[in-house]
Amino acid sequence: MSIFPQGSAKKDLPFKDAVAPAREPSPAIASFEPAETPFQATQRPAAPAAPQARESVIASDLTIEGKISGSGNVRIAGKFKGDVNVEGDLTIDGGARLNGGVRARRVTVAGELEGNIESAERVELQPSAVLVGDVKAGTLTVASGSRIRGHVECGWDDAGTATGKDDKAQKDSRDKAGLDVVP
């Protein structure tokens with residue numbers, strides 16, 4: 001007894017193109033990527049917009065003198081003498097000491113800083129912080145117990161109002177706007 005129906009195979013096929021024409025075999029390409037299921041494709045977290053900056057650390061048992069500049073983050077746990085100019089964040093750990101000027105996006109001080117902080121978006125002084133120097137920042141957070149000695153300018157934009165150089169120009173613009181006009 002036969003499993004297949006008798007007759008022509010072409011006539012019994014439900015679709016006209018059911019038999020594919022013979023092709024040359026294509027070379028096999030190995031893929032080492034994991035296969036993705038539909039569930040994985042929908043549950044994958046979004047890729048970060050920008051790569052996170054790396055952090056350079058000065059260990060607690062180091063004492064370094066020089067200059068630091070770059071685009072990453074810096075953490076000082078030891079002692080550093082010199083200026084720090086980074087596009088990222090600067091963290092001074094408790095027990096650490098920095099003698100020098102600072103330019104960074106965000107500055108967190110838990111140790112000691114003797115020097116000026118300029119053009120920071122945010123400065124945070126932890127309870128154990130000691131700061132001797134001037135601060136120019138967008139925002140300043142001072143925890144209870146921290147100590148600071150110096151001139152502080154916070155909340156001013158960079159359009160000259162923080163430096164006071166454009167006081168006459170600011171007064172003229174207020175006069176034109178009808179503000180602070182004395183007869």
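Residues numbered from 1 in each chain as written. Predicted model: local features only at pLDDT ≥ 70, side-chain atom pairs only at ≥ 80, totals over all residues. Heavy atoms only, no water.

Enquirer: How should I be thinking about the pattern of salt bridges in this particular structure?
Expert: Scanning the entire structure with this criterion turns up seven salt bridges. Between aspartate 93 and arginine 75 there is a salt bridge, with its nearest N and O atoms 2.8 Å apart. With aspartate 93 in the loop between strand E7 (89-92) and strand E8 (97-99) and arginine 75 in strand E4 (residues 73-76), this pair connects stretches of sequence that are 18 residues apart. Owing to a relative accessible area of 27%, arginine 75 belongs among the partly exposed residues under this scheme. Its salt-bridge partner being aspartate 89, residue arginine 106 comes within 3.7 Å of it at the nearest N-O pair. (Salt bridge = Lys/Arg side-chain N within 4 Å of Asp/Glu carboxyl O. Helix = DSSP H or I, 4+ residues; strand = E, 2+ residues; numbered from the N terminus. Buried < 20%, exposed > 50% of the residue type's maximum accessible area, 1.4 Å probe, protein only.)

Enquirer: Looking at this structure, how should I read the side chain of serine 146?
Expert: Topologically, serine 146 is positioned in the loop between strand E14 (135-142) and strand E15 (147-149). Contacts of serine 146, omitting those with residues within four sequence positions, involve Leu125, Gln126, Pro127 and Ala129. (Contact = heavy atoms within 4.5 Å.)

Enquirer: Explanation requested: the sheet that holds strand E2 (residues 63-65) in the structure shown.
Expert: Remark on secondary structure: sheet strands pair via backbone hydrogen bonds, oriented parallel or antiparallel. Spatial strand order, E2-E5-E8-E11-E13-E15: six strands in an open sheet with parallel pairing. Every interior strand has two partners, whereas the edge strands, E2 and E15, have only one. If you compare each strand with its neighbour and ignore which way they point, the axes differ by 5° on average. Sheet analysis places strand E11 (residues 112-114) next to strand E13 (residues 130-132), joined by three bridges and oriented parallel. The residue of E13 that forms the bridge with glutamate 114 is valine 132. (Pairing = 2+ DSSP bridges. Axes fitted to C-alpha atoms, helices over the stretch in contact; angles between N-to-C directions.)

Enquirer: So what exactly am I meant to see when it comes to the pairing of E7 here?
Expert: The side chains of a regular strand alternate between the sheet's two faces. Every second residue of E7 is oriented toward a common face, with Asp89 and Thr91 on one face and Leu90 and Ile92 on the other, all of them buried. Pairing geometry for E4 and E7, over three bridges, is parallel. Across the sheet, residue isoleucine 76 finds its bridge partner in E7, namely isoleucine 92. Taken together, the four bridges between E7 and strand E10 (residues 106-109) define a ladder with parallel strand orientation. Directly across from leucine 90, in E10, lies its bridge partner valine 107.

Enquirer: Any chance you could explain the environment of glycine 94 here in plain terms?
Expert: In this fold, glycine 94 is placed in the loop between E7 and E8. Spatially, the C-alpha atom of glycine 94 lies 8.8 Å from that of glutamine 126, the residues being 32 residues apart in sequence. Not counting residues up to four positions away in its chain, the partners in contact with glycine 94 are Ala110 and Gly111.

Enquirer: So what exactly am I meant to see when it comes to the environment of arginine 97 here?
Expert: Within the secondary structure layout, arginine 97 lies in strand E8. On the basis of relative accessibility, which here comes to 27%, the residue arginine 97 falls in the partly exposed class. Separated by 16 residues in the primary sequence, arginine 97 and leucine 113 place their C-alpha atoms 5.9 Å from one another. Leave out the neighbours within four places in its chain, and arginine 97 touches Ile76, Gly78, Lys79, Phe80, Glu112 and Glu114. Reaching out from arginine 97, the side chain makes a polar contact with the side chain of asparagine 99 at a distance of 3.3 Å. (Polar contact = N/O pair within 3.5 Å; in protein donor to acceptor, adjacent residues only side chain to side chain.)

Enquirer: What should I look at first to understand the nonpolar core in this one?
Expert: Across soluble globular proteins, nonpolar side chains show a tendency to be buried alongside one another. One finds Ile76, Leu90, Leu98, Val107 and Ile117 to be the most contacted residues of the largest nonpolar core, which totals 24 residues. Of all the secondary structure elements, the ones that give two or more residues to this core are E4, strand E6 (84-86), E7, E10, strand E12 (117-125) and E14. No other element matches E12, which puts four residues into this core. Discounting chain neighbours no more than four positions away, the residues touching isoleucine 76 are Ile58, Val84, Leu90, Thr91, Ile92, Asp93, Ala96, Arg97 and Leu98. (Core = buried A, V, L, I, M, F, W, Y, C linked by side-chain atoms within 4.5 Å.)

Enquirer: Please clarify how the environment of valine 123 should be interpreted in this entry.
Expert: Following the sequence through the fold, valine 123 ends up in strand E12. For valine 123, a relative accessible area of 0% gives the class buried. In this structure the C-alpha to C-alpha distance between valine 123 and alanine 137, which are 14 residues apart in sequence, comes to 6.6 Å.

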